[in-house]
Amino acid sequence: MPDLHHKPLPRVSPKHAPNVLVLGGTTEAGALAQALAASGIRACYSYAGRVQTPRPQPLPTRVGGFGGVAGLVRYLADERITHLIDATHPFAARMSANAIVAARQAGVPLIVLTRPAWTAQAGDRWQTVADMPSAVAALGGAPRRVLLALGRMHLAEFAAQPQHHYVLRLVDPPAAPIPLPDHHVVVDRGPFDVAGDLALLQRHRIELVVSKNAGGEGASAKLAAARQLGVPVLMVQRPILPARAEVHEVDAVLAWLGHGATLGVARGV
Ligand SMILES: NC(=O)c1ccc[n+]([C@@H]2O[C@H](COP(=O)([O-])OP(=O)(O)OC[C@H]3O[C@@H](n4cnc5c(N)ncnc54)[C@H](OP(=O)(O)O)[C@@H]3O)[C@@H](O)[C@H]2O)c1
């Protein structure tokens, strides 16, 4: 997160004042929203509406899908958006793919603010798989005690491996029955810390952690806890998206906005 109190922020020329749409739902998007608000850049923050009580943002906020590519193109035009920033989760592949196409169609420059993927460290016992079906397939065999730290979207897929005891960490209490015969739900919202995740793994005698390679600080505690306890991790790789202009720092987005769309980093690069 940038140190907003000590770092000078780039100035935006009022003549070319941006009107930004932030596709959010992540810690990084929240940090960006703070920086945009602090620098007085006009912007709107967009949530998908997946969680019951989204974190309040210091920007005007809208909630809900746009209605696919066509809906997003219409929104960009109607709201006279000058810059589109995709700060969604690395696994929000549909939204990110739609953003690429819609930005191109609308002639609006796009930049992606994302976190670097995690990489295995000494002591890690990772098995890396390409996607969620591969993770499910890798869970064949004898019953184990498994932490599924994946959110609620993919739980049904694990019904194909019903022999395990699954511990599920979810942001909200489940609204519908969970199709896993032997499970325990922990309702908690990150960021998490290593002490808490060590306690979680020990309390539930977890033998395997299933994780998306989300990257970032807030969700990495379970990996450090697994490392300390020698627990293996089944790591699901990120979905592959077309090449995009991508940065990891909020300051880089502000610099991009400060120079407007003339940098040529946006369309389909
Ligand atoms: N996937 C994860 O593991 C994960 C983890 C943490 C947070 N999140 C956040 O949760 C949200 C949904 O993730 P997902 O994986 O379900 O996305 P997804 O599968 O890529 O998106 C499905 C649809 O949800 C709508 N949508 C997604 N993000 C949106 C946003 N920021 N604003 C408005 N509409 C949005 C879009 O609907 P339309 O086609 O109708 O526009 C999109 O086509 C994202 O904002 C993401 O940053 C996701």
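Before reading further, recall that the structure is shown in the block above.
Residues numbered from 1 in each chain as written. Predicted model: local features only at pLDDT ≥ 70, side-chain atom pairs only at ≥ 80, totals over all residues. Heavy atoms only, no water.

1. Remarks on the side chain of Lys 222
Convention followed: Each helix is a run of DSSP H or I of at least 4 residues and each strand a run of E of at least 2, with the numbering of both proceeding from the N terminus. Partly exposed describes any residue whose relative accessible area lies between the buried limit of under 20% and the exposed limit of over 50%, with all areas from a 1.4 Å probe on protein chains only and scaled to the type maximum. For the purpose of counting charges, residues Lys and Arg are taken to be positive, whereas Asp and Glu are taken to be negative. His and the chain ends are not included. Any Lys or Arg side-chain nitrogen located within 4 Å of an Asp or Glu carboxyl oxygen qualifies as a salt bridge. The definition of a polar contact used here is a pair of N or O atoms within 3.5 Å, where within protein one atom must be able to donate a hydrogen and the other to accept one, and adjacent residues in sequence count solely through side-chain atom pairs.
With respect to the helices, strands and loops of the structure, Lys 222 is situated in helix α6 (residues 221-229). Within the buried set, Lys 222 has no salt-bridge partner at all; the shortest N-O distance to an opposite charge, 6.2 Å, is to Asp 197. Within the local environment of Lys 222, its side chain forms a polar contact with the backbone oxygen of Ala 219, the two atoms lying 2.7 Å apart.

2. Thoughts on the pairing of strand β2 (residues 42-47)
Definition in use: By definition, two strands form a pair when at least two bridges between them are found by DSSP. Every crossover in which the path from the first strand over the helix to the second runs clockwise, viewed with the strands pointing away from the viewer, is termed right-handed.
Burial analysis of β2 places 5 of its 6 residues in the buried class, the great majority of the element. The sheet contact formed by strand β1 (residues 19-23) and β2 spans 5 bridges and is parallel. Bridge assignment links Leu 23 to a residue of β2, and that residue is Ser 46. Traced from β1 through helix α1 (residues 27-38) to β2, the parallel crossover comes out right-handed. Looking at chain direction, β2 and strand β3 (residues 61-63) are connected through 3 bridges and run parallel. Across the sheet, Tyr 47 pairs through a bridge with Val 63, a residue of β3.

3. Describing the sheet that holds β1
What counts, and what does not: We call two residues in contact whenever any of their non-hydrogen atoms come within 4.5 Å of each other. To get an axis, fit a line to the C-alpha atoms, keeping to the stretch in contact for a helix; angles then go from 0 to 180 degrees between the N-to-C directions.
An order of β3-β2-β1-β4-β5-β12 is seen for the 6 strands of this open sheet, with the pairing classed as parallel. Taken across any chain shown, the strands that pair with only one partner, and hence form the sheet edges, are β3 and β12 (246-247). Where helix α7 (residues 250-258) meets the sheet, its contacts fall on β1, β4 (83-86), β5 (110-113) and β12, and the angle it forms with β4 comes to roughly 165°.

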